[in-house]
Amino acid sequence: MDGGWGTAAGVSTVAGVSDYVDVPLLRLDPELPAPSYAHPGDAGADLRARHDVELGPGERAVVPTGVAIALPDGWAAFVHPRSGLAARHGVTVVNAPGTVDAGFRGEINVILLNTDLRETVRIARGDRVAQLVVQRVAQARFAEVEDLPESVRGTGGLGSTGGWTVTGAGGRN
């Protein structure tokens, strides 16, 4: 391994840094910057709006990003909301995280939702609208069984572990 780099099936590793995977990128709009990481070690690469978008209160829109990618088998990309847009304007990704499968070759689109009930949000062409997180994934081989093995959690779900204090009608303490 020369200089701390090693490669296996398109994946590179640098000592002390996460894995890198080579992802072919097609810029459908050459005037927009390619997805990029704001800081070393960031998990999400910024995706930008290809067009101006206006989201009224409670409205959603499909926002093209001007990029398409070719992920290798065993990898997927996940479109996550940007925390700044969510905190400042109430804008989120409806199907968060959106999934980009390895076999998909079309333009990556982001489905944005304005959760603010009073203010319209204007997204300008080139604004960062979401983050793309690339991860290794495994496919499951589902095996039908008569019973599942026991676990500490069991069948508890949908908030069964608590973690909040809500009072009032239907609330739990």
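Predicted model, so just to flag it, every value in this text is computed and none were measured.

1. Section: the overall build of the chain
The number of helices and strands found in the chain is 1 helix and 14 strands. Taking all 173 residues of the chain together, 29% fall into the buried category. Long-range pairs, those at least 24 residues apart, make up 64% of the contacts in the chain with a sequence separation of at least 6. Roughly 11800 Å² of accessible area belongs to the chain as shown, and the carbon and sulfur atoms make up 51% of that amount.

2. Notes on the pairing of strand β14 (residues 128–136)
Looking at chain direction, strand β5 (residues 45–48) and β14 are connected through 4 bridges and run antiparallel. When the sheet's bridge partners are listed, Ala45 is paired in β14 with Leu132.

3. Some points on the sheet that holds strand β10 (residues 91–93)
In space, the 3 strands of this open sheet follow the order β7-β12-β10, with antiparallel pairing throughout. Since the sheet does not close on itself, it has two edges, and those belong to β7 (60–64) and β10, each with one partner. When the angles between neighbouring strand axes are averaged without regard to direction, this sheet yields 35 degrees. Sheet topology places β10 next to strand β12 (residues 109–114); 3 bridges connect them, and they run antiparallel. Looking at β12, one finds that Thr92 is bridged to Leu113.

4. As for the pairing of β12
The alternating pattern of β12 places Val110, Leu112 and Asn114 on a buried face, while none of Asn109, Ile111 and Leu113, on the opposite face, is buried. Here 5 bridges tie β7 to β12, and the two strands are oriented antiparallel to one another. Of the residues in β12, the one forming a bridge with Val62 is Ile111.

Reading the values: the criteria
- Residues numbered from 1 in each chain as written.
- Predicted model: local features only at pLDDT ≥ 70, side-chain atom pairs only at ≥ 80, totals over all residues.
- Heavy atoms only, no water.
- Helix = DSSP H or I, 4+ residues; strand = E, 2+ residues; numbered from the N terminus.
- Buried < 20%, exposed > 50% of the residue type's maximum accessible area, 1.4 Å probe, protein only.
- Contact = heavy atoms within 4.5 Å.
- Areas by Shrake-Rupley, 256 points an atom, 1.4 Å probe, with all protein chains shown as cover.
- Pairing = 2+ DSSP bridges.
- Axes fitted to C-alpha atoms, helices over the stretch in contact; angles between N-to-C directions.

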